[in-house]
Amino acid sequence: MNLKLAIFDLDGTILDTLTDLWAATNATLRTYGFPEHSRDAVRTFVGNGVAKLIERAVPAGTDAATIANVLADFKTYYQAHCNDNTSPYPGILDLMTSLKAAGIRVAVNSNKPDPAVRALCELHFTGLVDLPLGEKPEVPRKPAPDGVNAIINHFGFDKSECVYIGDSDVDIKTAENAGVDCIWVSYGFRHADELGDLTPPVACASVAELKAQLLK
């Protein structure tokens, strides 16, 4: 692979954000008197953006206006608490440092709101992420390829020189829709049996395997 650009998903791929997402979800639900969820349940809710997370978390039949209020309150709470328990997966900082040393550009494309993506990348990957990009009005959520395409266009690389790395079925579909190579990691938020009928072209069970794949 003549790799020039590695585009990473954020949650479940380079950052373990699940505890903070779980805590923010339940803290918000509590204010409305709604039932809370287990950490593993919230794990299955994430991946399609925070709006879908809240739709899945509120009780069935909740009206649209209430869902919108819960979502707004969740965003406020999470923005203030998005780094309480969040940290990079072991080995990720070394991986990014090695990519930079090899002259490979590093970007992040996430369905998390853009302000949180930028804040977390600055906190955990200062000087290592060349371009962070999260959900915002002009960038449709993954699996739409718009975010990946915008990042590639920013750098001016050919798609054959780029790879997308993620932990979910959404990420596999995003790479397919963008027409770029994909690496799926199994150490994140999704298990192999949760990918449906999708078969990732390349799978890595650890950050060490991912590093070997990207720098081979």
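Let me begin by describing the structure that accompanies this report. Note that the coordinates shown come from a computational prediction; the quantities given were computed from them, not determined experimentally.

**Digging into helix α9 (residues 207-214)**
Taken together, the buried positions of α9 are Val207, Leu210, Gln213 and Leu214. Across the axial projection of α9, the buried residues extend over an arc of 120 degrees, all falling on one side. Buried residues belonging to α9 abut β1 (5-8), α5 (92-101), β6 (162-166), β7 (181-185) and β8 (203-204).

**Describing the sheet that holds strand β5 (residues 131-135)**
Strand order in the open sheet made by the six strands is β5-β4-β1-β6-β7-β8, with parallel pairing throughout. Whereas interior strands pair on both sides, the edge strands pair on one side only; in this sheet they are β5 and β8. Here β1 runs beside β6; their pairing, made up of four bridges, is parallel. Bridge assignment links alanine 6 to a residue of β6, and that residue is valine 163.

**Regarding the nonpolar core**
The tendency in soluble globular proteins is for nonpolar side chains to be buried as a group. Counting 51 residues, the largest nonpolar core has Phe8, Ile92, Met96, Phe125, Ile165, Leu210 and Leu214 as its most contacted members. Every residue in contact with leucine 214, bar those within four places of it in the chain, is listed here: Leu3, Phe8, Leu95, Leu99, Ile104, Val163, Ile165 and Ile183.

**Examining the packing of aromatic side chains**
Using the criterion set out here, one finds four aromatic pairs in the structure. Measuring from centroid to centroid gives 5.7 Å for phenylalanine 74 and tyrosine 78, while their planes differ by 5 degrees, and the two rings are stacked. One end of the pair is phenylalanine 74 and the other is tyrosine 78, both in helix α4 (residues 64-81) and four residues apart, which spans about a single turn. Each member of the pair, phenylalanine 74 together with tyrosine 78, is buried.

**As for unusual backbone geometry**
Note that the residue after lysine 142, namely proline 143, is joined by a cis bond; omega there is 20 degrees. Its place among the elements puts proline 143 in the loop between β5 and α7 (146-155).

**Considerations on the environment of glutamate 135**
Structurally, the position occupied by glutamate 135 is in strand β5. C-alpha separation for the pair glutamate 135 and asparagine 111, spaced 24 residues apart in sequence, amounts to 5.1 Å. Apart from the residues lying within four places of it in its own chain, the contact partners of glutamate 135 are Gly49, Val50, Ser110, Asn111, Lys112, Pro113, Asp114 and Arg141.

**A closer look at the packing of α5 against α9**
Packed helices, taken two at a time, are described by the angle their axes make and the gap between the axes. Their axes nearest at 10 Å, the elements α5 and α9 cross at an angle of 10 degrees. In terms of axis orientation, α5 runs roughly parallel to α9. Contacts between α5 and α9 pair Ile92, Asp94, Leu95, Ser98 and Leu99 from the former with Val207, Leu210, Lys211 and Leu214 from the latter. Of the residues assigned to the contact of α5 with α9, the class counts are six nonpolar, one polar and two charged.

**Description of α4**
Two residues of an α-helix separated by three or four positions point the same way, owing to the 3.6 residues in each turn. In a regular helix each residue adds 1.5 Å, so 18 residues correspond to 26 Å; α4 covers 25 Å between its end C-alpha atoms and thus fits that length. Three or more residues of α4 are buried, namely Thr66, Ile67, Val70, Leu71, Phe74 and Tyr78. For α4, the buried positions fall inside an angular range of 135 degrees around the axis, keeping them on one side. Away from its buried face by more than 90 degrees, α4 exposes Thr76 and Ala80. Near the N-terminus of α4, the side chain that reaches the backbone nitrogen of alanine 65, with its oxygen 3.2 Å away, is that of aspartate 63.

Parameters at a glance
The residue numbers shown here count from 1 along each chain, following its written sequence. The predicted origin of the model limits local features to residues at a pLDDT of at least 70 and limits the giving and counting of side-chain atom pairs to 80 or more, whereas totals for whole chains, interfaces and linings rest on all residues. Side-chain numbers here rest on the full set of heavy atoms in the structure, without hydrogens or water. A simple rule labels every residue: compare its accessible area, found with a 1.4 Å probe on the protein chains alone, to the largest value its type can have, and call it buried under 20%, exposed over 50%, or partly exposed in between. Runs of E in the DSSP output that reach at least two residues are strands. Runs of H or I that reach at least four are helices, and both are numbered from the N terminus. Directions pointing from the helix axis toward each C-beta atom define the arc. Contacts are assigned to residue pairs that have any heavy atoms within 4.5 Å of one another. Strands qualify as paired when DSSP identifies two bridges or more between them. Take the buried residues of types Ala, Val, Leu, Ile, Met, Phe, Trp, Tyr and Cys, join any two whose side-chain atoms come within 4.5 Å, and each joined set is a nonpolar core. Two aromatic rings, drawn from Phe, Tyr or Trp (for Trp, its six-membered ring), form a pair once their centres lie within 6.5 Å of each other, and the interplanar angle then sorts them: stacked below 30 degrees, edge-to-face above 60, tilted otherwise. Angles here are taken between N-to-C directions and fall from 0 to 180 degrees, while the axes themselves are lines fitted to C-alpha atoms, restricted in helices to the stretch in contact. When describing relative orientation, an angle under 35 degrees is termed roughly parallel and one over 145 degrees roughly antiparallel, while 65 to 115 degrees is termed roughly perpendicular and anything else oblique. Here the term charged refers only to Asp, Glu, Lys and Arg, the term nonpolar to Ala, Val, Leu, Ile, Met, Phe, Trp, Tyr, Cys and Pro, and the term polar to all other amino acids, Gly among them. Between the first and last residue of a helix there are one fewer steps than residues, each counted as 1.5 Å, and that sum is the expected span. Counting of polar contacts relies on pairs of N or O atoms within 3.5 Å, with two restrictions inside protein: one atom must be capable of donating a hydrogen and the other of accepting it, and residues adjacent in sequence are counted only when both atoms are side-chain atoms.

Purely spatial values, then, with no claim about function.
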